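Each chain, written out:
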Amino acid sequence: MKSVPRQASGIRNKVARRRVVLEEKAVKKKDRREARKSREKERERLGSEAPPKREPRTLENTREHDETIVQRGDEAVAEAEQVDEFAGVFGGEVTPKILVTTGYRATRVTYEFLKDFVAVIPNIVYYKRGQYELKRIVKYATNKGFTDIIVVREDHKLLTGLVHCHLPDGPTAEYRLTSYVPSGRIRNRGKSTSHTPEVILNNFTTRLGRRVGRMIGALFPHNPEFRGRQAVTIHNQRDFLFFRFHRYVFSEAGERVRLQELGPRFTLKVKSLHGGTFDPAGGEFEWIQKKDMVTSRRRFVL
């Protein structure tokens with residue numbers, strides 16, 4: 001009598017249920033491998049007449065349509081970016097000058113992050129927060145010629161976020177900060193130099209995304225010193241902004257290149273963007289994250 005295959009969900013014993021699940025996974029993996037080999041043999045047989053390879057389905061290439069996605073050659077967006085708040089930095093007319101501070105009662109966790117952060121961004125100055133309100137700090141920084149303020153926040157000795165204000169008139173962005181890896185914990189890391197790094201803003205596709213990307217990019221001077229071979233990458237993937245800092249090294253023949261990570265690593269996620277400087281109550285929000293906005297895994301805003 002032929003045995004009926006068991007369903008894992010109907011097995012009460014944990015060990016037996018796990019064994020059945022692993023067996024099912026092994027069978028599915030074997031079937032996929034055999035199907036892939038069969039397709040490869042078919043492609044070799046057909047040669048130039050073989051159909052194109054199927055592109056795997058991912059959240060990125062199946063994302064929901066967004067009318068704010070910027071198309072290549074969009075003149076309206078290009079013209080707007082030539083006169084926005086960050087145009088002077090990207091055009092090389094303004095050199096960024098950054099003031100960075102902390103929240104009240106900062107601990108060692110924040111200062112460890114600041115040590116790495118200050119080493120990456122040129123022309124950045126740390127000021128102790130003390131008991132000063134942010135509005136007073138904004139006024140002081142504006143009078144001293146700073147172009148941006150960054151506030152590092154923590155809660156119960158855990159890094160929680162960044163607030164970034166572009167001076168003198170905004171905008172202001174708030175980010176959630178996660179996945180921080182100090183430079184000292186990165187294996188085989190290199191040591192950064194004082195050269196101005198190149199800045200790579202990757203995969204910012206919507207109008208909001210380009211605005212956020214330009215705001216972060218405006219923290220860096222846009223006259224990199226290529227002799228240092230250092231590059232800062234802010235890569236957007238599913239609305240998470242991955243920050244990486246590398247040195248690229250060419251082979252002797254100059255045909256290949258390898259990367260040496262310098263650190264630190266961390267991830268940002270935009271919580272809000274509003275006009276003006278540090279005024280969430282009175283400022284006009286350009287975008288703010290809300291719970292009811294997450295209706296699909298395939299909907300991205302950046």
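Scroll up to find the structure this text is about.
From a predicted model like this one, the values you see are computed outputs, not experimental measurements.

What counts as what
Residues numbered from 1 in each chain as written. Predicted model: local features only at pLDDT ≥ 70, side-chain atom pairs only at ≥ 80, totals over all residues. Heavy atoms only, no water. Buried < 20%, exposed > 50% of the residue type's maximum accessible area, 1.4 Å probe, protein only. Helix = DSSP H or I, 4+ residues; strand = E, 2+ residues; numbered from the N terminus. Pairing = 2+ DSSP bridges. Expected span 1.5 Å × (residues − 1). Core = buried A, V, L, I, M, F, W, Y, C linked by side-chain atoms within 4.5 Å. Contact = heavy atoms within 4.5 Å. Polar contact = N/O pair within 3.5 Å; in protein donor to acceptor, adjacent residues only side chain to side chain. Salt bridge = Lys/Arg side-chain N within 4 Å of Asp/Glu carboxyl O.

Enquirer: Sorry, what's going on with the pairing of strand 3 (residues 148-155) here?
Expert: A regular strand places its side chains on the two faces of the sheet in alternate fashion. For strand 3, the tally of buried residues reaches six of eight residues, placing the bulk of the element in the interior. Summarising the sheet, strand 1 (residues 98-102) and strand 3 pair through five bridges and their orientation is parallel. From the neighbouring strand, Val100 faces strand 3, where its bridge partner is Ile150. As paired strands, strand 3 and strand 4 (residues 158-166) are joined by eight bridges and run antiparallel to one another. Counterpart to Asp155 in the pairing with strand 4 is Leu158. In textbook terms, the turn of a hairpin is the stretch between consecutive antiparallel strands, and for strand 3 and strand 4 this stretch comprises two residues, one of which, His156, has a positive phi near 50 degrees.

Enquirer: So what exactly am I meant to see when it comes to helix 1 (residues 14-46) here?
Expert: The end-to-end C-alpha distance of helix 1, which contains 33 residues, comes to 48 Å, matching closely the 48 Å that a straight helix rising 1.5 Å per residue would cover. Gly47 sits one or two positions beyond helix 1 and adopts a positive phi of about 65 degrees.

Enquirer: What is the right way to read the nonpolar core from this model?
Expert: Across soluble globular proteins, nonpolar side chains show a tendency to be buried alongside one another. Counting 38 residues, the largest nonpolar core has Phe113, Ile121, Leu162, Tyr175, Val212, Leu241 and Phe266 as its most contacted members. Not counting the four nearest positions on each side in its chain, Ile121 is found in contact with Ile98, Leu219 and Phe220. Counting 12 residues, the second-largest nonpolar core is a separate cluster that includes Ala141, Ile149, Val163 and Cys165.

Enquirer: Before we go on, may I ask you to explain the side chain of Asp84 in this structure?
Expert: Looking at the secondary structure, you find Asp84 in the loop between helix 2 (75-81) and helix 3 (87-90). Given the relative accessible area of 18%, Asp84 is considered buried. Of note is the side chain of Asp84, whose polar atom sits 3.1 Å from the backbone nitrogen of Phe86. A polar atom in the side chain of Asp84 sits 2.9 Å from the side chain of Arg214.

Enquirer: When you look at the pattern of salt bridges in this model, what are you seeing that I'm missing?
Expert: Side-chain pairs of opposite charge can arise where the charged atoms are in close proximity. Counted according to the given criterion, the structure contains eight salt bridges. Linking Glu85 and Arg211 is a salt bridge whose minimum nitrogen-to-oxygen distance equals 2.8 Å. Here Glu85, found in the loop between helix 2 and helix 3, pairs with Arg211, found in helix 6 (residues 207-217); they are 126 residues apart in sequence, far enough to count as distant. A salt bridge links Glu174 to Lys271; the nearest nitrogen and oxygen atoms lie 3.7 Å apart. Of the two residues, Glu174 is situated in strand 5 (residues 172-181) and Lys271 in strand 10 (residues 265-274); the sequence distance between them amounts to 97 residues. When salt bridges with common partners are traced through the structure, they connect Glu81, Asp84, Arg210 and Arg214 into a single cluster.

Enquirer: Teacher, can you tell me more about unusual backbone geometry here?
Expert: Glycine aside, a negative phi is what most residues show, and trans is what most peptide bonds show. Cis geometry is adopted by the peptide bond preceding Pro168, which originates at Leu167 and carries an omega value of 5 degrees. Turning to its location among the elements, Pro168 is positioned in the loop between strand 4 and strand 5. Omega for the bond connecting Gly263 with Pro264 falls within 30 degrees of zero, at 10 degrees, which places this linkage in the cis form. Relative to the helices and strands, Pro264 resides in the loop between strand 9 (257-261) and strand 10. Of note in this structure, Arg105 is not a glycine but carries a positive phi near 55 degrees. Tracing the sequence through the fold places Arg105 in the loop between strand 1 and helix 4 (108-120). Overall, Arg105 belongs to the exposed group, its relative accessible area being 72%. A positive phi angle, near 70 degrees, is found at Asn203, a position not held by glycine. Its location among the elements puts Asn203 in the loop between strand 6 (198-202) and helix 6.

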